[in-house]
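Each chain, written out:
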Amino acid sequence: VHARGRDFLEREVRLLENLIRNMRADNADRPNYLLRLAETYFEYQLALNVDVRSFDEPIFQACNVKKDQQACAAARQGQKTAEERLEQARTATNRTYARLVQDHPDFPRMDEVLFKLAFGLDQMGEVETARQVYLRLIKDFPESRFIPSAYLSFAEFYFAENEASAALQFYSKVLEYPADRNP
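Described below are features of the structure shown in this document. (Residues numbered from 1 in each chain as written. Predicted model: local features only at pLDDT ≥ 70, side-chain atom pairs only at ≥ 80, totals over all residues. Heavy atoms only, no water.)

### With respect to the overall build of the protein chain
Threshold: Strands here are runs of E lasting at least two residues and helices are runs of H or I lasting at least four, both read from the DSSP assignment and numbered beginning at the N terminus. Burial status follows relative accessibility: with a 1.4 Å probe on protein chains alone, a residue under 20% of its type maximum counts as buried, one over 50% as exposed, and anything between as partly exposed. For this analysis, residues touch if any pair of their heavy atoms sits within 4.5 Å. Accessible surface area values rest on a Shrake-Rupley calculation with a 1.4 Å probe, where residue burial reflects the displayed protein chains alone. Charge assignment: positive for Lys and Arg, negative for Asp and Glu; neither His nor the chain ends contribute. One atom stands in for each charge, and that atom is NZ of Lys, CZ of Arg, CG of Asp or CD of Glu.
What the protein chain contains, in helices and strands, is eight helices and zero strands. Starting at the N terminus and walking to the C terminus, you meet the elements of the protein chain as α-α-α-α-α-α-α-α. Across its three principal axes, the protein chain shows a C-alpha extent of roughly 55 × 50 × 30 Å. Burial status across the protein chain gives 40% buried among its 183 residues. Looking at the protein chain alone, contacts between residues at least 24 apart form 55% of all its contacts between residues at least 6 apart. Surface summary for the protein chain: the accessible area is close to 11200 Å², and the carbon and sulfur share equals 53%. Of note, the protein chain has its 25 positive side-chain charges centred 5 Å away from the centre of its 29 negative side-chain charges.

Pasting the structure below:
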């Protein structure tokens, strides 16, 4: 079932990429197709992450239980290949969100796009770029439902940097939002 789902997502990505490639840049539907492509890439990441994690137990068994160096090396190589595919999907996701931001700055759901782009950049370790995107979200869309999450990302960044005072300030900002605006 998992492989069929992954294959379906791969076909959807190819179809959407082809549609976008053949679409005029000023087509009113283009931003929605770009968003759908980015979201499909994100779903694809989830499927690829399952592939990556599927090697954990075989690696443990081959390397630690059975002490089979050949099987251990093969399982590790399989996981490495799966991780490379996952990294490519993450890059494609972020590239698609960035393209949407650049090509369609007046897109009605831009706050959502900026949040998802920042989140994706953060996941890939591009922390400084992610922070810049979060700042743009906060500045350009102060009423967005994603603002508490943007503040939370800053709080977690500062907490990880052992800057407790700055982290506390951002955690406090998150708590300023009522529960219905703070998922």
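Once the structure has been displayed, the description carries forward.
### Topic: the state of the cysteines
Here is the rule we go by: The disulfide definition used here is simple: a pair of cysteine sulfur atoms within 2.5 Å.
Applying the stated criterion across every chain yields a total of one disulfide. Covalent S-S linkage joins cysteine 63 and cysteine 72, the inter-sulfur distance amounting to 1.8 Å. Handedness here is read from the sign of the S-S torsion; for cysteine 63 and cysteine 72, about 90°, the answer is right-handed.

### Digging into helix α7 (residues 147-160)
Put simply, the rule is: A helix is expected to span 1.5 Å for every residue after the first.
With 14 residues, α7 should reach 20 Å at 1.5 Å per residue; the first-to-last C-alpha distance of 20 Å fits that figure. Turning to α7, its buried residues are Ile147, Pro148, Ala150, Tyr151, Ser153, Phe154, Ala155 and Tyr158. Against the buried residues of α7 lie α5 (110-123), α6 (127-140) and α8 (164-175).

### Points about helix α1 (residues 2-21)
What sets the pattern is the α-helix's 3.6 residues per turn: residues three or four places apart point alike. Filter applied, for reference: In this description, the arc belongs to the directions extending from the helix axis to the C-beta atoms.
Compared with an ideal rise of 1.5 Å per residue, which puts 20 residues at 28 Å, α1 spans 29 Å between its outermost C-alpha atoms and is within 8% of the ideal. Looking at α1, one finds that the buried residues are Arg6, Leu9, Glu10, Glu12, Val13, Leu16 and Ile20. Taken around the axis of α1, the buried residues stretch over an arc of 165°, which confines them to a single face. For α1, the exposed residues set more than 90 degrees away from the buried face come down to Arg4 and Leu15.

### A closer look at the pattern of salt bridges
Between side chains of opposite charge, a pair can form when the charged atoms approach closely. Formally: We count a salt bridge whenever a side-chain nitrogen from Lys or Arg sits within 4 Å of a carboxyl oxygen from Asp or Glu.
Summed over the entire model, instances satisfying the criterion amount to 16 salt bridges. When the shortest N-O distance is used, the salt bridge between arginine 85 and glutamate 10 registers 2.8 Å. Residue arginine 85 is located in helix α4 (residues 69-103), and its partner glutamate 10 is located in helix α1; the two are separated by 75 residues in the primary sequence. For the salt bridge of aspartate 103 with arginine 30, the shortest nitrogen-to-oxygen distance reads 3.1 Å. One end of the pair, aspartate 103, is in helix α4; the other, arginine 30, is in helix α2 (residues 30-53), and 73 residues separate them in sequence. Relative accessible area serves as the criterion here: at 36%, aspartate 103 is assigned to the partly exposed category. One salt-bridge network, held together by shared partners, links Glu12, Arg36, Glu39, Glu43, Arg109, Glu112 and Lys116.

### Description of the side chain of threonine 93
Heads up, the rule is: Any pair of N or O atoms that falls within 3.5 Å is considered a polar contact. Within protein, one atom must be able to donate a hydrogen and the other to accept it, and sequence-neighbouring residues count only if both atoms are side-chain atoms.
Mapped onto the elements of the fold, threonine 93 is located in helix α4. Among the polar contacts made by the side chain of threonine 93, one reaches the side chain of glutamine 45 at a distance of 2.7 Å. A polar side-chain atom of threonine 93 sits 2.8 Å from the main-chain carbonyl oxygen of alanine 89. Excluding its chain neighbours within four sequence positions, the residues that come into contact with threonine 93 are Ala38, Tyr41, Phe42 and Gln45.

### So, a nonpolar patch on the surface
The test is simple: The residues that make up patches have over 30% relative accessible area and no salt bridge, and they are joined within 9 Å when like-charged or within 5 Å when they are Val, Leu, Ile, Met, Phe, Trp or Tyr.
On the surface, a nonpolar cluster with roughly 260 Å² of combined accessible area is contributed by Leu15, Leu19 and Tyr33. Note that leucine 19 resides in helix α1. A relative accessible area of 34% means that leucine 19 is categorised as partly exposed.

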